Amino acid sequence: MSISVSAAAVLQPLTGRASPPAYRVTANRRLRIGPIPSLSSSSASKPILPAAAMATDGAAPAASGAGSKQKLLVFDAEEDLAVSLAKYTAELSEKFAAERGAFTVVLSGGSLIKALRKLTEPPYLDSVDWSKWHVFWVDERVVPKDHEDSNYKLALDGFLSKVPIPTGQVYAINDALSAEGAADDYETCLRRLVKNGVIAMLAATGFPRFDLQLLGMGPDGHIASLFPGHPLVNENQKWVTYIKDSPKPPPERITFTFPVINSSAYIAMVVTGAGKAGAVQKALSDKETSSDKLPVEMAVLQDGEFTWFTDKEAVSLLQNK
Ligand SMILES: O=C1O[C@H](COP(=O)(O)O)[C@@H](O)[C@H](O)[C@H]1O
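Computed from a predicted model, the values in this text were never measured in an experiment.

### A closer look at the overall build of the chain
Per the secondary structure count, the chain includes nine helices and 11 strands. Burial analysis of the chain (321 residues in total) assigns 56% to the buried set. Within the chain, counting contacts between residues at least 6 apart in sequence, those at least 24 apart form 76% of the total. Total accessible area on the chain stands at roughly 12900 Å², and carbon and sulfur atoms take up 52% of it.

### Let's talk about the pattern of salt bridges
Scanning all chains against the criterion turns up 16 salt bridges. Salt-bridge contacts for Lys95 lead to Glu99; the nearest nitrogen and oxygen are separated by 3.0 Å. Of this pair, Lys95 and Glu99 are both found in helix α2 (residues 78–100), four residues apart, which corresponds to roughly one turn of the helix. According to the relative accessible area criterion, Lys95 is buried, its value standing at 18%. What makes Glu99 exposed here is its relative accessible area of 52%. With a closest N to O distance of 3.7 Å, Asp292 and Lys282 form a salt bridge.

### Let's talk about the sheet that holds strand β4 (residues 139–141)
An order of β4-β9-β8 is seen for the three strands of this open sheet, with the pairing classed as antiparallel. Edge positions in the sheet fall to β4 and β8 (240–243), since each has one partner strand and no second. Across the sheet, the mean angle separating the axes of adjacent strands is 20° when strand polarity is ignored. Sheet analysis places β4 next to strand β9 (residues 253–256), joined by three bridges and oriented antiparallel. For Asp139, the partnering residue across the bridge sits in β9 and is Thr255. Here helix α6 (residues 179–195) sits on the sheet in contact with β8 and β9, set at roughly 165° to β8.

### Comments concerning the environment of Leu119
Tracing the backbone through its elements, the reader meets Leu119 in the loop between α3 (112–115) and α4 (124–127). Given the relative accessible area of 0%, Leu119 is considered buried. Sequence-wise, Leu119 and Ala86 are 33 residues apart; in three dimensions their C-alpha atoms are separated by 5.2 Å. Setting aside residues up to four positions removed in sequence, Leu119 forms contacts with Ala86, Thr89, Ala90, Tyr124, Leu125, Trp130, Trp133, Phe159 and Val163.

### Regarding the packing of aromatic side chains
This structure, assessed with the given rule, holds 15 aromatic pairs. An angle of 80° between the planes, with centres 6.0 Å apart, marks the rings of Phe96 and Tyr266 as edge-to-face. In this pair, Phe96 is assigned in helix α2 and Tyr266 in strand β10 (residues 266–271), connecting sequence segments 170 residues apart. Taking relative accessible area as the criterion, Tyr266 reaches 1% and is therefore assigned buried.

### Considering the pairing of strand β3 (residues 133–137)
Counting buried positions along β3 yields five of five residues, so the element is predominantly enclosed. Side chains of β3 alternate between two faces, with Trp133, Val135 and Trp137 and His134 and Phe136 buried alike. Across five bridges, the pairing between strand β2 (residues 103–107) and β3 is parallel. In the strand pairing of β3, Val106 is matched with Phe136.

### Things to note about the site of the ligand
The ligand sits among 15 residues. The nearest are Gly109, Ser111, Asp139, Lys248 and Lys276. At a separation of 3.1 Å, an oxygen atom of the ligand approaches a polar side-chain atom of Arg253. Within the contact set of the ligand, an oxygen atom lies 2.7 Å away from a side-chain nitrogen or oxygen of Lys276. Alone, the ligand offers 390 Å² of accessible surface; in the complex the protein occludes 92% of this. Residues of the shell around the ligand, tallied by class, amount to two nonpolar, eight polar and five charged.

Rules used in this analysis
- Residues numbered from 1 in each chain as written.
- Predicted model: local features only at pLDDT ≥ 70, side-chain atom pairs only at ≥ 80, totals over all residues.
- Heavy atoms only, no water.
- Helix = DSSP H or I, 4+ residues; strand = E, 2+ residues; numbered from the N terminus.
- Buried < 20%, exposed > 50% of the residue type's maximum accessible area, 1.4 Å probe, protein only.
- Contact = heavy atoms within 4.5 Å.
- Areas by Shrake-Rupley, 256 points an atom, 1.4 Å probe, with all protein chains shown as cover.
- Salt bridge = Lys/Arg side-chain N within 4 Å of Asp/Glu carboxyl O.
- Pairing = 2+ DSSP bridges.
- Axes fitted to C-alpha atoms, helices over the stretch in contact; angles between N-to-C directions.
- Phe/Tyr/Trp six-rings, centres within 6.5 Å; stacked < 30°, edge-to-face > 60°.
- Near = heavy atom within 4 Å.
- Polar contact = N/O pair within 3.5 Å; in protein donor to acceptor, adjacent residues only side chain to side chain.
- Nonpolar A, V, L, I, M, F, W, Y, C, P; charged D, E, K, R; others polar.

Spelled out as structure tokens, the structure:
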């Protein structure tokens, strides 16, 4: 099989949003998977038509994922990905700071944090208005904040300690509480910030609408602390919930639920390495009605823009099919 790439994917710059590192990709539900054509010798990323979740411009909203678009960016090297991710994030920061006077950013743990390193360097260190940033976690391990397993510590060491975000705008969990207590406490914090306008609300869903969620995916296709086959993936009332039997250690965690993840304005899904190629292949295959969806496949924005930032290894099974 071969990949079908729309010419529009190459030629049509995205408009109406922050100017992105790549291009709008128009939908093609007859996606064929195969070798990635060389689209531009000067570009480090190659837009490819991805998943069934992609929506045609102007298409009627589907039952879920209304208004959702997905783009797939594939970089030759992780270094190129990091450069592009920094530009993308800085442009969204500028857009939301101008529009709303605040930029609400959700971090995951794991490999994502290292991919943010270019934001801590010139020109972004000086050009980004860090005073507008409000930082949250899509999931957190229920451990002390100075524990090696803490997503807060990972982000502090690798990112937050290197940029001047006001400490009062960094919303870590209360690590003195139980998993259940920490989840409730975090949701209460989010509700307060929605009430005072720091976090937007998506009227269509009644859930908070973060400006940008910077997410990673595990080799099993989990995102946040929402794991394949775990009942938490079906939680549709709570904003934040907890897990005590995480298949990946540590076992106790709190996590945003899918309604919150899917109410975001923008998601950057940052996935690198051959170890994730199987999950990427499944997520970007053309099975629209698969009943055994991976958690990453359940991340479908209600009204927003979803961009995959990947490297060649992560999409290697797409290339070889
Ligand atoms: O446990 C977790 O894993 C995922 C994926 O991590 P990665 O190192 O494979 O990128 C991460 O997104 C999540 O926040 C974390 O708690």
